[in-house]
Amino acid sequence: VDYQNDCFRKDGEKFRYISGSIHYSRIPRVYWKDRLLKMYMAGLNAIQTYIPWNYHEKVPGLYNFSGDRDFEYFLKLAHDIGLLVILRPGPYICGEWDMGGLPAWLLKKKDIVLRSADPDYVAAVDKWMGKLLPMIKPYLYQNGGPIITVQVENEYGSYFACDYSYMRHLSKLFRSYLGDEVVLFTTDGALLKTLKCGSIQDLYATVDFGPGSNVTAAFGAQRHVEPHGPLVNSEFYTGWLDHWGSHHSVVSSTRVARVLSEMLIMGANVNLYMFIGGTNFGYWNGANTPYAPQPTSYDYDAPLTEAGDLTEKYFAIRDVIKMYRKIPEGPIPPTTPKYAYGAVTMKKLQMVSDALDKLSFSGPVKSTYPQTFIDLNQAFGFMLYRTSLPVNCTKPTPLTSPLNGVHDRAYVSVDGVAAGILERDNVEPVNVTGKAGSQVDILVENLGRVNYGKYLKDFKGLVSNLTLGENPLTGWTMYSLSIDEAVSEGLLGEEEPTPTDAPQPAGLSPPAFYGGSFIIPDGIPDLPQDTYIKLTSWRKGQIWINGFNVGRYWPTRGPQVTLFVPANILSTAAPNNVTILELEGAPCSSGPCTVEFTTIPILNGTVQSDYKQHRRLFIKEDLL
Ligand SMILES: *[C@@H]1O[C@H](CO)[C@@H](O)[C@H](O)[C@H]1NC(C)=O
Ligand SMILES: *[C@@H]1O[C@H](CO)[C@@H](O)[C@H](O)[C@H]1NC(C)=O
Ligand SMILES: *[C@@H]1O[C@H](CO)[C@@H](O)[C@H](O)[C@H]1NC(C)=O
Ligand SMILES: *[C@@H]1O[C@H](CO)[C@@H](O)[C@H](O)[C@H]1NC(C)=O
Ligand SMILES: *[C@@H]1O[C@H](CO)[C@@H](O)[C@H](O)[C@H]1NC(C)=O
Ligand SMILES: *[C@@H]1O[C@H](CO)[C@@H](O)[C@H](O)[C@H]1NC(C)=O
Ligand SMILES: *[C@@H]1O[C@H](CO)[C@@H](O)[C@H](O)[C@H]1NC(C)=O
């Protein structure tokens, strides 16, 4: 950092970066090179990426850095292409990622204060960083690698704790592993109040703001804490995130290009967040509060689409960059082709309730009152809570949970008949009828942990007692479910026709699996290609292709209607297996029981939300 000339210096020369965010955890490894090349060809000289702790340490002490998790390979690719790297290793990352990247197992200590000097939290961070930072060190610019700067924590000033001893500890920890030469920095919202708790001595303070902000005022806030040195916008928003039940976010290219140019004229360093958003495969999406989970697509209306396609915004940004630095010549890698594999017929496999022997590897746990996912050592997905009706409910009897008692959605059935759904931010009861002793099954879905703000500690499952009429339900048998393993091991069989199949209420049936397969046609060159799976007549659930968890679908809530299916999970050697866990009701009894593979993504479908109709777009300032 050159404080005299208000700039960075690299190899003694005045240096400025124009960077773009790309999260390797949201892009299949086979596509890393394609996306990085497109970023390079846009004229960027750097990329910025997060390292999500929970992606690499699913179980304490068991690390995974292979395949899609091989971030070293990602760094090498960036280096080979000629891109520098701005690394954001957390430990907290936000990023619309489950729990902001923190592992859910931290919640084993119920009263832990995350992102603070809480000794148990710090001990876990020290252990993780003791593993991670030595891996990063060889990739620092000083050591011949691409990493020019490393961020410590993320937007810490927006967090309630404001614990300077925690930030000082991290600063020392990073220094001790990475050495004295690398630039360590912080990023905060461009407001004095966030910079106050977010910035500390020895870490260069940068800001983040989007094209809706006043650039002069925003950099003025940075100048308040860094009177000299380079101007840095670490997150210039090219688009914005989505939430289920809210309209798809779109930000105009013209505006992004104009404000980018405004910052570049000032000599500022800019990172475009996101340059490519990618996909929240599996269960990796986070959520905001009041509880609003993000969908599977993290397209972000970024200059490269979720699938890495070139957009008008890409070229608008490239045209701006061209005015400030020489951009590489040569062809830009083209948009990858998509293929419409057509309709695939699905067949009902088993109901979740009937397949517990296959789904629950650890077997049931009994307890008087409900326990959470973490109590049963489960981080993601679904858990089944079973009890029985203690009394005759001859008349519809309300089964209720207090507000925020269900994290996050509970699918209730009685003796195999769907009764209704309890939701986290809603106190609408489910009416239950049945004889005393009837089996009550409640499948609880974790829809993604809160990733931002005060309420990061997001326990999943039944986090309160449920009340039937006046009395709390007790005597639970809980099944931790290993659905992903069961699906990829092909354990779910076809349903045996049972004459006793109970009639279901209109539009609702208990959670069940469906399976189908399709063959990739012969004689067409370059198949398999990427595709989108369209689930318009399905309601809500999770989908796997060849055992790979493609993500959540919820077209009835919107705005996302199709899911991105990358070619690398498809096979030409065997039929491709599609497995769906439909939670609310499949179209199969009333219409065609199919899913469709198409070439056109739909991320801006109609939004239908019973009780959140007018939820506004979140802006960070709202969430403080
Ligand atoms: C590690 O992650 C890779 C990439 O997601 C995955 O293929 C592999 O199965 C994981 N390894 C273990 C031991 O879980
Ligand atoms: C932007 O902020 C600067 C500094 O606070 C102020 O002088 C200027 O009037 C603002 N511009 C607009 C368009 O609000
Ligand atoms: C439920 O009703 C049945 C008769 O319909 C009766 O025999 C039984 O005792 C009742 N059970 C309870 C727990 O009230
Ligand atoms: C449950 O029953 C009550 C009383 O009969 C009724 O007012 C309410 O609409 C019912 N709720 C649902 C979700 O059916
Ligand atoms: C359920 O109720 C019991 C008895 O009042 C209480 O001890 C327990 O903490 C409650 N459980 C939850 C998860 O709220
Ligand atoms: C799909 O499942 C069938 C039957 O289990 C299996 O033979 C086939 O290899 C699977 N396809 C892929 C691509 O894994
Ligand atoms: C949805 O997005 C597509 C593609 O960008 C666009 O053509 C269409 O007009 C949009 N529809 C709505 C309702 O905004």
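Residues numbered from 1 in each chain as written. Chains lettered and ligands numbered in written order. Predicted model: local features only at pLDDT ≥ 70, side-chain atom pairs only at ≥ 80, totals over all residues. Heavy atoms only, no water.

Trainee: Give me the nonpolar core: which residues, what numbers.
Mentor: Counting 129 residues, the largest nonpolar core has Leu 36, Leu 114, Ile 136, Leu 260 and Leu 481 as its most contacted members. It is helix H4 (residues 119-136) that contributes the most residues to this core, 10 residues altogether. (Core = buried A, V, L, I, M, F, W, Y, C linked by side-chain atoms within 4.5 Å. Buried < 20%, exposed > 50% of the residue type's maximum accessible area, 1.4 Å probe, protein only. Helix = DSSP H or I, 4+ residues; strand = E, 2+ residues; numbered from the N terminus.)

Trainee: Go over the environment of Pro 370 with me, naming the residues and quoting the values.
Mentor: Tracing the chain through its elements places Pro 370 in the loop between strand E15 (364-367) and strand E16 (382-388). Judged by its relative accessible area of 16%, Pro 370 is buried. A sequence separation of 143 residues divides Pro 370 from Phe 513, and the C-alpha atoms of the two residues are 25 Å apart. What Pro 370 contacts, discounting residues up to four positions off in sequence, is Tyr 385, Leu 462, Ser 464, Asn 465, Trp 476 and Met 478. (Contact = heavy atoms within 4.5 Å.)

Trainee: Please set out the site of ligand 5 residue by residue, giving values where relevant.
Mentor: Around ligand 5 lies a shell formed by Tyr 369, Val 463, Ser 464 and Asn 465. Separating an oxygen atom of ligand 5 from a side-chain N or O atom of Asn 465 is a distance of 2.2 Å. Bound to the protein, ligand 5 loses 45% of the 360 Å² it would expose on its own. Tallied by class, residues from the shell around ligand 5 come to two nonpolar, two polar and no charged. (Near = heavy atom within 4 Å. Polar contact = N/O pair within 3.5 Å; in protein donor to acceptor, adjacent residues only side chain to side chain. Areas by Shrake-Rupley, 256 points an atom, 1.4 Å probe, with all protein chains shown as cover. Nonpolar A, V, L, I, M, F, W, Y, C, P; charged D, E, K, R; others polar.)

Trainee: Go over the site of ligand 3, please, and point to the residues and values.
Mentor: As a matter of local geometry, ligand 3 sits amid Pro 390, Asn 392 and Ala 436. Contact distances for ligand 3 include 2.2 Å between an oxygen atom and a side-chain N or O atom of Asn 392. Look at ligand 3: alone it shows 360 Å² of surface, and the protein chains cover 26% of it.

Trainee: I'd like to hear about the packing of aromatic side chains, residue by residue, with values.
Mentor: Under the definition given, this model contains 42 aromatic pairs. Ring geometry for Trp 32 versus Phe 74: centroids 5.3 Å apart, planes at 80°, classification edge-to-face. Taken together, the positions of Trp 32 in helix H1 (residues 32-41) and Phe 74 in helix H3 (residues 71-81) put the pair 42 residues apart, joining distant regions of the chain. A centroid spacing of 4.7 Å and a plane angle of 55° characterise the contact between Tyr 159 and Phe 160, whose relative ring orientation is tilted. (Phe/Tyr/Trp six-rings, centres within 6.5 Å; stacked < 30°, edge-to-face > 60°.)

Trainee: Could you give an account of the state of the cysteines, with specific residues and numbers?
Mentor: One pass over the full model with this rule turns up two disulfides. The disulfide bridge from Cys 162 ends at Cys 197, spanning 2.0 Å between sulfur atoms. Across the S-S bond of Cys 162 and Cys 197 the torsion is about -90°, and the bridge reads as left-handed. Taken together, the residues Cys 162 in the loop between strand E6 (147-151) and helix H5 (164-178) and Cys 197 in helix H6 (residues 192-198) connect sequence positions 35 residues apart. We classify Cys 197 as buried; its relative accessible area is 11%. The disulfide bridge from Cys 588 ends at Cys 593, spanning 2.0 Å between sulfur atoms. (Disulfide = S-S within 2.5 Å.)

Trainee: Hey, could you go over the side chain of Asp 458 for me, with residue numbers and the actual values?
Mentor: By the element assignment, Asp 458 lies in the loop between strand E22 (439-445) and strand E23 (461-462). Note on Asp 458: relative accessible area 1%, which makes it buried. In terms of polar contacts, Asp 458 uses its side chain to reach the side chain of Arg 424, at 2.9 Å. Reaching out from Asp 458, the side chain makes a polar contact with the backbone nitrogen of Val 450 at a distance of 3.1 Å. When sequence neighbours within four positions are dropped, the list of residues in contact with Asp 458 reads Leu 107, Tyr 291, His 407, Arg 424, Gly 448, Arg 449 and Val 450.

Trainee: Before we move on, could you go through the pairing of strand E30 (residues 548-553) and cite the residues and values that matter?
Mentor: Within a regular beta strand, the side chains point alternately toward one face of the sheet and then the other, so they alternate between its two faces. Across the six residues that make up E30, a large majority, five, are buried. Relative to E30, strand E29 (residues 541-545) runs antiparallel, the two being bridged by five bridges. Across the sheet, the residue bridging to Ile 545 is Phe 548, located in E30. Hairpin connection between E29 and E30: a loop of two residues separates the two successive antiparallel strands, and Asn 546 in this loop has a positive phi of roughly 50°. (Pairing = 2+ DSSP bridges.)

Trainee: Explain the packing of H1 against H3 to me, and be specific about the residues and the numbers.
Mentor: Contact geometry for H1 and H3: axes closest at 10 Å, N-to-C directions at 35°. With respect to the hand of their crossing, H1 and H3 are arranged in right-handed fashion. Across the interface between the two elements, Trp 32, Lys 33, Leu 36, Leu 37 and Tyr 40 from H1 touch Tyr 73, Phe 74, Leu 77, Ala 78 and Ile 81 from H3. Residue composition of the contact of H1 with H3, grouped by class: nine nonpolar, no polar and one charged. (Axes fitted to C-alpha atoms, helices over the stretch in contact; angles between N-to-C directions. Left-handed = near helix turned anticlockwise from the far one by under 90°.)

Trainee: Tell me about the confidence of the model for the protein chain, and please be specific about residues and values.
Mentor: Looking at the protein chain as a whole, the pLDDT averages 95, with 97% of positions reaching at least 70. Between residues 610-619, whose pLDDT stays under 50, and residues either more than four places distant or in other chains, the model counts 26 contacts. (pLDDT = per-residue confidence, 0-100.)

Trainee: Can you tell me about helix H9 (residues 312-322), naming the residues and giving the values?
Mentor: Buried residues of H9: Lys 313, Tyr 314, Ile 317, Arg 318, Val 320 and Ile 321, and no others. Looking straight down H9, one finds its buried side chains confined to an arc of 160°; they lie on one side. Where H9 is buried, its residues touch strand E3 (18-22), H1, helix H8 (253-265) and strand E10 (269-276). The distance from a side-chain oxygen at the start of H9 to the backbone nitrogen of Lys 313 is 3.2 Å, and the residue carrying that oxygen is Thr 311. (Arc of directions from axis to C-beta.)

Trainee: Let's hear about the sheet that holds strand E21 (residues 430-434): which residues, and what values?
Mentor: One open sheet holds the four strands; their spatial order is E21-E17-E24-E25, and the pairing between them is antiparallel. In this open sheet, the two strands that pair with only one neighbour each are E21 and strand E25 (471-472). As judged from the two bridges shared by strand E24 (residues 467-468) and E25, these two strands associate in the antiparallel manner. The residue bridging Leu 468 from the neighbouring strand is Asn 471, located in E25.

Trainee: Mind laying out the environment of Met 351, listing which residues take part and the relevant values?
Mentor: One can find Met 351 in strand E14 (residues 347-351). For Met 351, a relative accessible area of 11% corresponds to the buried category. Each C-alpha atom, one on Met 351 and one on Lys 322, is 57 Å from the other, the two residues being 29 residues apart in sequence. Aside from chain neighbours lying at most four places away, what touches Met 351 is Gly 416, Pro 510, Pro 511 and Ala 512.

Trainee: Before we move on, can you summarise helix H7 (residues 215-225) with the specific residues and values?
Mentor: Every buried residue of H7 is listed here: Val 215, Ala 218, Phe 219, Ala 221 and Gln 222. The buried residues of H7 occupy an angular sector of 140° when the element is viewed end-on, so they sit on one face. Counted as exposed and oriented over 90 degrees from the buried face of H7: Thr 216 and His 224. Where the residues of H7 are buried, they touch H6, strand E8 (204-208), strand E9 (232-237) and H8. One side-chain oxygen at the N-terminal end of H7 lies 3.1 Å from the backbone nitrogen of Thr 216; it belongs to Asn 214.

Trainee: Please provide a residue-by-residue account of the UniProt feature "domain: Beta-galactosidase galactose-binding" (unreviewed entry) in the protein chain, values included.
Mentor: Feature annotation in UniProt places "domain: Beta-galactosidase galactose-binding" (unreviewed entry) on residues 511-572, given in this structure's numbering. With 0% helix and 42% strand, the stretch residues 511-572 has end C-alpha atoms that lie 31 Å from each other. (UniProt positions renumbered as here; feature names shortened; annotations may be inferred.)

Trainee: Describe in detail unusual backbone geometry, supporting the description with residues and values.
Mentor: For the bond running from Tyr 273 to Met 274, omega is -10°, close enough to zero to count as cis. Phi at Asp 301 takes a positive value of approximately 55°, unusual for a residue other than glycine. Within the element layout of this structure, Asp 301 appears in the loop between strand E12 (292-293) and H9. In this structure Asp 301 comes out as buried when scored by relative accessible area, which is 17%. Unlike most non-glycine residues, Asn 377 shows phi in positive territory, near 60°. Mapped onto the fold, Asn 377 is located in the loop between E15 and E16.

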